[in-house]
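# Observations on chain architecture
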Amino acid sequence: MIIALNIGLAVLILALGVWTIVARDTFAAVVGFIAYGLLLTLIWVQLHGIDVALTEGAIGGGLTGALLIGAASRLRKTESKARAERPGALVRGLAAVVASAVTLALVICVLALPDPAPTLAPQVAANIAVTEVGNPITAVLLAFRAVDTLLEAIVLVFALIGVWSFAPDRAWGGRPGAQQHVDPNGILAYVARVLPPIGIMAGLYIFWVGADHPGGKFQGATILAAMWLLTMMAGLTDAPPISRTWLRFGLVVGPLAFIAIGLAGAVTAGALFAYPLGYAKPFIIAIELALLPSLALILALMLLGAPQRAASQ
Amino acid sequence: MPEALLAATGFELAMVALGLVRVLRGPGDADRMMAAQLLGTGGIAVLLLLGAAAGADAVIDVALTLALLAAFASIAFVKAAPGAASDDRAATDPRGDAG
Amino acid sequence: MSLALNLFTIVAVVAGAFFFLAGTVGLLRFPDTFTRLHALTKADNLGLGLVVLGLLPHASSLLVALKLIFVWLLVLLASAAVSQLIARAANREGPRA
């Protein structure tokens with residue numbers, strides 16, 4: 001029964017993927033891609049990766065969708081020109097051959113993986129009690145491989161700076177996105193007043209529960225970012241100018257706190273990013289608390305894009 | 001019991017698949033915007049049934065996240081549709097519907 | 001006792017599946033965007049509610065049961081508002097098949 005379900009799910013997702021590529025209208029293709037992302041969440045649940053399913057649903061479904069739809073609406077004017085430029089049969093044939101070759105290589109690699117796959121999971125399970133967290137993913141991300149998580153957070157900050165670099169000179173330090181004019185008594189404003197409090201509660205809950213169950217700061221931050229973006233889309237709040245001090249501080253407080261705790265570990269426990277025995281959980285929670293607002297800010301600002309309006313507007 | 005729930009999940013997934021076929025084919029952007037709605041309800045039903053069949057409570061958190069983010073994605077679609085430049089007032093409704 | 005609960009679950013989930021079927025049939029067969037939206041939103045949300053009702057007896061704790069109901073209410077709220085927005089967007093697009 002489960003096998004039939006998994007096969008059905010796989011077939012559905014493959015068909016949806018093919019449709020997304022073949023679809024001519026950009027808007028339709030983006031909708032197909034988002035449906036694909038939301039269905040991938042189901043696949044991750046079936047693979048017992050609940051944390052990954054949470055991340056896929058949040059980022060792949062919601063945030064990437066909003067990002068792509070913004071891009072699609074910006075490309076709308078050039079769409080007819082793009083459609084007119086159809087590559088010749090030779091190029092298309094070559095593309096099909098290369099894509100098939102890459103797929104074949106991936107399939108062979110996956111099927112040739114040793115069974116049982118080499119894994120450090122037993123070592124993690126043996127040592128997880130020391131970290132005082134119950135969720136092995138959190139233990140790996142914030143205790144055993146904390147350096148990777150720090151570098152990922154810093155990469156996100158760099159990515160945001162990269163997005164900001166697209167701002168025209170006159171708008172540098174200004175507000176991203178266009179001014180939203182929305183009827184304050186309309187449905188959109190209503191949703192933006194009612195949903196964010198619930199969403200913030202849910203985001204904080206998922207952040208908190210990540211210590212012992214699937215969840216964590218990244219998924220929680222994504223939900224918080226989505227709720228903030230919702231209020232901006234409905235015109236209830238305006239995007240902040242990126243030169244604001246609180247914004248800049250909020251962006252770096254997470255990585256800085258992380259680095260500080262890592263350096264403190266060198267002093268108190270003898271190695272960089274080591275935690276003193278018995279104090280692991282408070283430090284992990286401190287890192288997560290510092291990273292949560294930073295990640296939420298980064299994700300929301302990346303979606304808003306480069307500043308378009310001068311700060312004084 | 002788990003087998004019955006898995007059967008319901010399979011049925012539900014088939015409904016979502018059929019719905020997707022119709023919704024993605026629909027002429028016009030509004031039809032396609034319904035895809036996020038469809039997955040928001042049907043997909044969540046599949047998740048909850050899967051979670052109950054496997055006895056995993058964490059799947060409900062995934063359903064919660066999906067509900068919030070599917071709503072967010074739907075609203076992003078509506079805002080990005082052509083002609084959505086101004087607001088969502090129905091005052092200029094040519095059919096004279098007050099709703 | 002547990003037989004009665006299992007029966008209740010099966011009945012509720014089957015009823016929910018029926019409403020999902022009705023919603024999907026409406027989605028496939030209705031002639032117009034608005035009627036399709038109507039079928040999708042109303043029938044699917046009711047179907048989800050019945051499925052949640054059916055899963056309540058098997059929740060492992062009160063907190064889990066409350067979470068299930070909370071998810072359903074959230075979906076209800078979001079669907080109601082979003083369907084209005086989609087309908088207004090469809091209205092702006094103009095009448096199409």
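Residues numbered from 1 in each chain as written. Chains lettered and ligands numbered in written order. Predicted model: local features only at pLDDT ≥ 70, side-chain atom pairs only at ≥ 80, totals over all residues.

## Side note on the overall build of chain C
Check the secondary structure of chain C and you find three helices and zero strands. Each helix and strand of chain C, placed in order from N terminus to C terminus, yields the pattern α-α-α. Taken over the C-alpha trace, chain C has a radius of gyration of 16 Å; the compact-globule value for 97 residues is 13 Å, which it surpasses by more than 25%. If one aligns the C-alpha atoms of chain C with their principal axes, the spans along those axes are about 55 × 25 × 10 Å. (Helix = DSSP H or I, 4+ residues; strand = E, 2+ residues; numbered from the N terminus. Rg over C-alpha atoms; globule rule 2.2 N^0.38 Å.)

## Some remarks on the interface of chain C and chain B
At the junction of the two partners, chain C supplies 42 residues and chain B supplies 42 residues. Listing elements by their share of the side of chain C that touches chain B, those giving two or more residues are helix H1 (2-29), helix H2 (33-55) and helix H3 (62-93) of chain C. No other element matches H3 of chain C, which puts 18 residues into the side of chain C that touches chain B. Taken together, the residues of the side of chain C that touches chain B sort by class into 25 nonpolar, 11 polar and six charged. (Contact = placed C-beta atoms within 7 Å. Nonpolar A, V, L, I, M, F, W, Y, C, P; charged D, E, K, R; others polar.)

## A short note on the interface of chain B and chain A
Taken together, the 42 residues of chain B in the interface contact 53 residues of chain A. Counting residues per element, the ones that place at least two in the side of chain B that touches chain A are helix H1 (2-25), helix H2 (29-54) and helix H3 (58-80) of chain B. The element contributing the most residues to the side of chain B that touches chain A is H3 of chain B, with 18 residues. Considered class by class, the residues forming the side of chain B that touches chain A number 29 nonpolar, five polar and eight charged.

## Regarding H1 of chain B
With 24 residues, H1 of chain B should reach 34 Å at 1.5 Å per residue; the first-to-last C-alpha distance of 34 Å fits that figure. Within H1 of chain B, burial applies to Leu5, Ala8, Thr9, Glu12, Leu13, Met15, Val16, Gly19, Leu20, Arg22, Val23 and Leu24 of chain B. In this fold, the buried residues of H1 of chain B make contact with helix H1 (2-22) and helix H2 (26-46) of chain A, H2 of chain B together with H1 of chain C. (Expected span 1.5 Å × (residues − 1). Buried ≥ 20, exposed ≤ 12 C-beta atoms within 10 Å, placed from the backbone.)

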